[in-house]
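Reading the structure
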Amino acid sequence: SEINTGFGTNSTDYGGRFVNKNGVANIQKKGVTFFESTSWFHTMLQLSRANFFAIILLFYLLINILFASIYCIIGVEHLGGINVANNLDKFEEAFFFSAQTFTTVGYGRINPIGFVTSAVAAIEALLGLLSFALATGLLYGRFSKPKAFLRFSHNILLAPFKDGLALMMRVAPYKNNNLTDAEAKVTAGIMVDENGTLVNRFFQLELEYNKVNALPLSWTLVHPIDEKSPFYNFSLSDYTTNNWEIFIFIKAFDDMFSNSVLARTSYTNNELVTGAKFVPMHHRSSDNQHTILDLEKLNQFKEVDISAIKPVPVAN
């Protein structure tokens, strides 16, 4: 059935895909300034680990360069313990004094002399305390943020299913967390011609199974192409030539966080492989004591011939 997804129906307002592969809506906002449109807390939590620590390191270097420059402008003669003549050496000494003040380490070899230098050092120490408190909070937020730790297959497959065809997508957990009561909702956005006008129509896709009690292994989401499917009248060429996008929304319960976790992604017609089926991802261990989930096979599939298969009507 057609549903309201919030993306609208006018295809002329549609640019690219609705949802990016990482699950974030493909939306750019205008009418507000950059700082108004950006939540720095959300941005810092969503950054990759490398980018997060790179920003922390860059901020640390820049703030110490700034205060070292201030100390040099005031005059390094107001920093007791500096006994160098070269300007570069003076800046180096001022930089490391700034780092010691910013981190409140204070070795004591260099000390501020006079009111102005002492006031700048006091301000830097306060800024350092606030900065480290903020960085610690962000670091804790990144570690404590509930995440689904799910990976989706790169492609969606048009594969044989029972006596007909089905669209198949695969998802698998890649961390040592335990997910239970997993539920999947799949929506299709299809661009259709209505009286000569292209419009976006959205449909809730029925799955073979939309809930599983536990998700320790991979889960293949299967949408049968039957009379209930909006793809029922599609020919094999229609799947690749028509513009459509399928959104995947998975919610599960993580017993470690005692909270629900979410994962999202989408597939477009350009990411469809017709005539293929996924290869199994798990197998028995050599000692017959464990089940091995091979995540390297998440995106692996093999080609199959589906040219003679047609959608099978649903029995009344």
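What comes next is a walk through the structure. (Residues numbered from 1 in each chain as written. Predicted model: local features only at pLDDT ≥ 70, side-chain atom pairs only at ≥ 80, totals over all residues. Heavy atoms only, no water.)

**Brief notes about the packing of helix α3 (residues 49-74) against helix α5 (residues 115-144)**
Packed helices, taken two at a time, are described by the angle between their axes plus the distance between the axes. For the pair α3 and α5, the least separation of the axes is 11 Å and the interaxial angle reads 175°. Taken together, the axis directions place α3 and α5 in an arrangement best described as roughly antiparallel. For the pair α3 and α5, contact is made by Arg49, Phe52, Phe53, Ile56, Phe59, Ile63, Asn64, Phe67, Ile70, Tyr71 and Ile74 and by Val116, Thr117, Val120, Ala121, Glu124, Leu127, Ser131, Ala135, Leu138, Leu139 and Arg142, respectively. Tallied by class, residues from the contact of α3 with α5 come to 16 nonpolar, three polar and three charged. (Axes fitted to C-alpha atoms, helices over the stretch in contact; angles between N-to-C directions. Helix = DSSP H or I, 4+ residues; strand = E, 2+ residues; numbered from the N terminus. Parallel < 35°, antiparallel > 145°, perpendicular 65-115°, else oblique. Contact = heavy atoms within 4.5 Å. Nonpolar A, V, L, I, M, F, W, Y, C, P; charged D, E, K, R; others polar.)

**Here's the deal with the nonpolar core**
Counting residues in each nonpolar core, the largest one holds 35 residues, and the members touching the most others are Leu167, Phe231, Ile246 and Ile248. Put simply, the parts of the chain that give this core at least two residues each are β3 (150-152), β4 (156-161), β5 (164-173), β6 (179-194), β7 (197-205), β9 (219-224), β10 (244-254) and β11 (259-268). Ranked by residues supplied to this core, first place goes to β6 with six residues. Core analysis: the next-biggest nonpolar cluster, separate from the first, contains 14 residues, Ile63, Tyr71, Ile82 and Ile110 among them. (Core = buried A, V, L, I, M, F, W, Y, C linked by side-chain atoms within 4.5 Å. Buried < 20%, exposed > 50% of the residue type's maximum accessible area, 1.4 Å probe, protein only.)

**Examining the environment of alanine 50**
Mapped onto the secondary structure, alanine 50 falls in helix α3. For alanine 50, a relative accessible area of 58% puts it in the exposed group. Residues alanine 50 and alanine 182, 132 residues apart in the sequence, show an inter-C-alpha distance of 30 Å.

**So, the pattern of salt bridges**
A complete count under the given rule lists two salt bridges for this structure. Here glutamate 206 and lysine 228 are joined by a salt bridge, their closest N and O atoms 4.0 Å apart. Here glutamate 206, found in the loop between β7 and β8 (211-214), pairs with lysine 228, found in the loop between β9 and α6 (236-241); they are 22 residues apart in sequence, far enough to count as distant. With a relative accessible area of 46%, glutamate 206 lands in the partly exposed category. (Salt bridge = Lys/Arg side-chain N within 4 Å of Asp/Glu carboxyl O.)

**Observations concerning the layout of surface pockets**
Size it by volume and the largest pocket reaches roughly 1400 Å³. Lining the largest pocket are 31 residues, with Asn22, Gln46, Lys145, Lys147 and Tyr174 sitting closest to its centre. Secondary-structure elements contributing two or more residues to the lining of the largest pocket are α2 (40-46), α3, α5, β3 and β11. A breakdown of the residues in the lining of the largest pocket according to their chemical character gives 16 nonpolar, seven polar and eight charged. (1 Å grid on protein atoms, 1.4 Å probe; cavity = no way out; pocket = protein on both sides within 12 Å on 5 of 7 lines; lining within 4 Å. Points joined across faces, edges and corners; volume = space filled by probe spheres on them.)

It is worth stressing that arrangement in space is one thing and function is another; only the former is reported here.
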